[in-house]
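# Structural overview for review
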There are 2 protein chains.
Amino acid sequence: MPEKFPGQDEVELARLIREVTIGHVAFATEVAAAAEHWPTVLPIAICYDPGQDQRSFSLLLHGSTGSRWLRTLSQGGPASVAVTALDGLVVARSAFESSMHYRSAILFGRCSEVPEVDKGCTLDLITESLIPGRVAELRTPTRKELAATLVLRMAITDWSYKVSDGWPEDPDEDVAGPAWAGVLPRRTGFAAALPTADLRPGIDVPDSVARLLAD
Amino acid sequence: MPEKFPGQDEVELARLIREVTIGHVAFATEVAAAAEHWPTVLPIAICYDPGQDQRSFSLLLHGSTGSRWLRTLSQGGPASVAVTALDGLVVARSAFESSMHYRSAILFGRCSEVPEVDKGCTLDLITESLIPGRVAELRTPTRKELAATLVLRMAITDWSYKVSDGWPEDPDEDVAGPAWAGVLPRRTGFAAALPTADLRPGIDVPDSVARLLAD
């Protein structure tokens, strides 16, 4: 059986997903009045799952069982997800040459519901992707919580990954002109860990949160 | 004629669009092999245009005339755009209650091509939305640059706007437990203005860029 050795792009993709945490999933919703399928887009937390057969990977999505759009997705229609990091602004000497630094992945596939028996460990994977180390700090989910949560696996059948990280490329006549040009790198991160008002005394910021702040 | 007085939501939406600059547009692409319309999602710079008739607003999109997906959008099929800001992480005392702070708008409409005669001033609006004050610092676009740029107007027919900014809402038994809970506000901004290697001596960082850095 051929083994999959993830290429650099897939490693970069996994890193991008962990970093941006939110993807945008597109799918068709039926518009009753128009008897038409209207492409809809939804922001949703995403988690990369390398998969066990070493030949494919998937995205994990989750939300309330009450979410109409998530239920539509669970029916397995064609869907796509964009994962985008805006890394900076390219300020050129003309509007035309100005652009952005970004990392952008577009993934195609279909969703299916994760069965009840696998929900707990799949949700743990999702929690660990969002806040590494958090699962060990928390009680396990209750049966009621699991029942209220819809977990979807989107098996990725096709995807692309693109990076834009260059400098302005102005023509000579603009370089000779009076305008400034350069790159403005964008920074993101967490500013602080604000404790909730009802936090009991003596409970410190946990390691998982401290690591997020240090990133 | 009834005048539109934008509600607070529309003011907030306009601010959100200026802030995040990138939207995710969903539309149907024809998959030749499958003879099927596959919902596709594309990250793209977006600009809010309040419109002149005071009763509706639109989004402005732009890109290369060579972009296949932008040409598909220009044909006026049903489309939607998500505008999303991730503002923070809600770290609750259980995975179930943990969530995110966000501002999220979903907009529905159809795109049409901005005619040649309006392209210049529409692109100026877009540039000013991305880098306020930049147009006055730049030469005007050339005829060739305008010809290479596709500018789309998406007239918004329906939209929603949702904000999540609350604190963890843990049940009493979790509040009495050992886990920490709180909110991690997310910060974004530009870290620096790095001049391009071929910048001529004596050209300072312009006011438009200095203002972006100060934000």
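To be clear, the structure that these remarks concern was listed above.
About the criteria used
- Residues numbered from 1 in each chain as written.
- Chains lettered and ligands numbered in written order.
- Predicted model: local features only at pLDDT ≥ 70, side-chain atom pairs only at ≥ 80, totals over all residues.
- Heavy atoms only, no water.
- Helix = DSSP H or I, 4+ residues; strand = E, 2+ residues; numbered from the N terminus.
- Rg over C-alpha atoms; globule rule 2.2 N^0.38 Å.
- Buried < 20%, exposed > 50% of the residue type's maximum accessible area, 1.4 Å probe, protein only.
- Contact = heavy atoms within 4.5 Å.
- Lys, Arg positive; Asp, Glu negative; His and termini not counted.
- Charge placed at Lys NZ, Arg CZ, Asp CG, Glu CD.
- Core = buried A, V, L, I, M, F, W, Y, C linked by side-chain atoms within 4.5 Å.
- Salt bridge = Lys/Arg side-chain N within 4 Å of Asp/Glu carboxyl O.
- Expected span 1.5 Å × (residues − 1).
- Arc of directions from axis to C-beta.
- Buried area = accessible area lost by both parts, 1.4 Å probe.
- Least-squares fit on C-alpha atoms with pLDDT ≥ 70 in both.
- Polar contact = N/O pair within 3.5 Å; in protein donor to acceptor, adjacent residues only side chain to side chain.
- Pairing = 2+ DSSP bridges.
- Disulfide = S-S within 2.5 Å.

Next up on the list: the overall build of chain A. Scanning chain A for helices and strands turns up six helices and nine strands. Here chain A has a C-alpha radius of gyration of 21 Å; the compact-globule value for 215 residues is 17 Å, and the former is much larger. Each principal axis of the C-alpha atoms in chain A carries an extent, and together these give about 70 × 55 × 50 Å. Out of the 215 residues belonging to chain A, those deemed buried represent 49%. Looking at chain A alone, contacts between residues at least 24 apart form 70% of all its contacts between residues at least 6 apart. Separation of charge centres in chain A, based on 20 positive and 29 negative side chains, amounts to 8 Å.

Turning our eyes to something else, we now look at the nonpolar core. By size, the foremost hydrophobic cluster in this structure holds 70 residues, and its most contacted members are A:Leu73, A:Val83, A:Leu107, B:Leu73, B:Val83 and B:Leu107. Residues in contact with A:Leu107, not counting those within four places in the same chain, are A:Leu13, A:Phe57, A:Leu59, A:Ala79, A:Ser80, A:Val81, A:Val83, A:Met154, A:Ile156, A:Asp158 and A:Trp159.

All right, on to the pattern of salt bridges then. For the structure shown, the criterion picks out 22 salt bridges over all chains. A salt bridge links B:Asp49 to B:Arg153, with the shortest nitrogen-to-oxygen separation between them at 2.9 Å. With B:Asp49 in strand β3 (residues 47–49) and B:Arg153 in strand β7 (residues 149–164), this pair connects stretches of sequence that are 104 residues apart. We classify B:Arg153 as partly exposed; its relative accessible area is 28%. Residues participating in the shared-partner salt-bridge network are A:Glu19, A:Asp87 and A:Arg103.

A few words now on helix α1 (residues 8–20) of chain B. For an α-helix the count is 3.6 residues per turn, leaving residues at separations of three or four pointing the same way. All names here are of chain B. Compared with an ideal rise of 1.5 Å per residue, which puts 13 residues at 18 Å, α1 spans 18 Å between its outermost C-alpha atoms and is within 8% of the ideal. Of all the positions in α1, only Glu-10, Leu-13, Ala-14, Leu-16, Ile-17 and Val-20 are classed as buried. Buried positions in α1, seen along its axis, are confined to an arc of 160 degrees and lie on one side of it. Immediately beyond the C-terminal end of α1, within one or two residues, lies Thr-21, with a positive phi of roughly 60 degrees.

The subject of this paragraph is the interface of chain A and chain B. The extent of an interface is frequently quoted as the accessible surface area lost upon association of the parts. The partner chain B presents 81 residues to the 81 residues of chain A that form the contact. Both faces combined, the contact of chain A with chain B buries some 6,900 Å², and carbon together with sulfur accounts for 66% of it. When the buried area of chain A at its contact with chain B is split by residue, A:Trp38, A:Trp180 and A:Arg187 rank highest and sum to 11% of it. For the interface between chain A and chain B, the tally reads four salt bridges.

Moving on: helix α6 (residues 207–214) of chain B. Looking at α6(B), one finds that the buried residues are B:Ser208, B:Val209 and B:Leu212. Viewed along the axis of α6(B), the buried residues span an arc of 95 degrees, placing them on a single side of the element. For α6(B), the exposed residues set more than 90 degrees away from the buried face come down to B:Asp207 and B:Ala214. Buried-residue contacts for α6(B) involve β5 (78–91) and β8 (182–190) of chain A together with α3 (116–130) and β8 (182–190) of chain B.

As a further point, take the relation of the copies chain A and chain B. Once chain A is rotated about the relating axis by 180 degrees and shifted along it by 0.0 Å, it coincides with chain B to within an RMSD of 0.0 Å. Taken together, the turn and the small shift mark the pair as related by a two-fold rotation axis. Looking at the rotation axis and the C-alpha trace of chain A, the residue lying nearest is A:Thr188, at 2.2 Å. Interface overlap between copies is the fraction of interface residues in one copy that are interface residues in the other; for chain A against chain B it reaches 100%, indicating a shared surface.

A separate point is the side chain of B:Arg103. Residues and elements named next belong to chain B. Looking at where Arg-103 falls in the secondary structure, it is placed in strand β6 (residues 99–113). Here Arg-103 falls in the buried class, since its relative accessible area comes to 11%. Side-chain polar atoms of Arg-103 contact the side chain of Asp-87, separated by 2.8 Å. In this structure Arg-103 touches Arg-15, Leu-16, Glu-19, Val-83, Thr-84, Ala-85, Asp-87, Tyr-161, Lys-162 and Val-163, once residues within four positions along its chain are discounted.

Turning our attention to the environment of B:Arg110. Residue and element names in this part refer to chain B. Within the fold, Arg-110 resides in strand β6. Classification of Arg-110 by relative accessible area gives partly exposed; the value is 36%. Between the C-alpha atoms of Arg-110 and Gly-166, which are 56 residues apart in sequence, the distance is 34 Å. A polar contact of 3.2 Å, which involves the side chain of Arg-110, links it to the backbone oxygen of Gly-76.

Turning our eyes to something else, we now look at the pairing of strand β5 (residues 78–91) of chain B. Working note: regular strand, side chains alternate between the two faces of the sheet. Residue and element names in this part refer to chain B. Extensive coverage of β5 is indicated by the burial of 13 of its 14 residues. Sheet analysis places β5 next to β8, joined by four bridges and oriented antiparallel. Of the residues in β8, the one forming a bridge with Val-90 is Val-183.

Here we take up the state of the cysteines. Residues and elements named next belong to chain A. Overall, the coordinates contain zero disulfides over all chains when judged by the stated rule. As a non-bridged cysteine, Cys-47 has Cys-121 as the owner of its nearest cysteine sulfur, 11 Å distant. Its relative accessible area of 2% is what places Cys-47 among the buried residues. The structure places no disulfide on Cys-111, whose sulfur is separated from the nearest cysteine sulfur, that of Cys-47, by 13 Å. Classification of Cys-111 by relative accessible area gives buried; the value is 4%.

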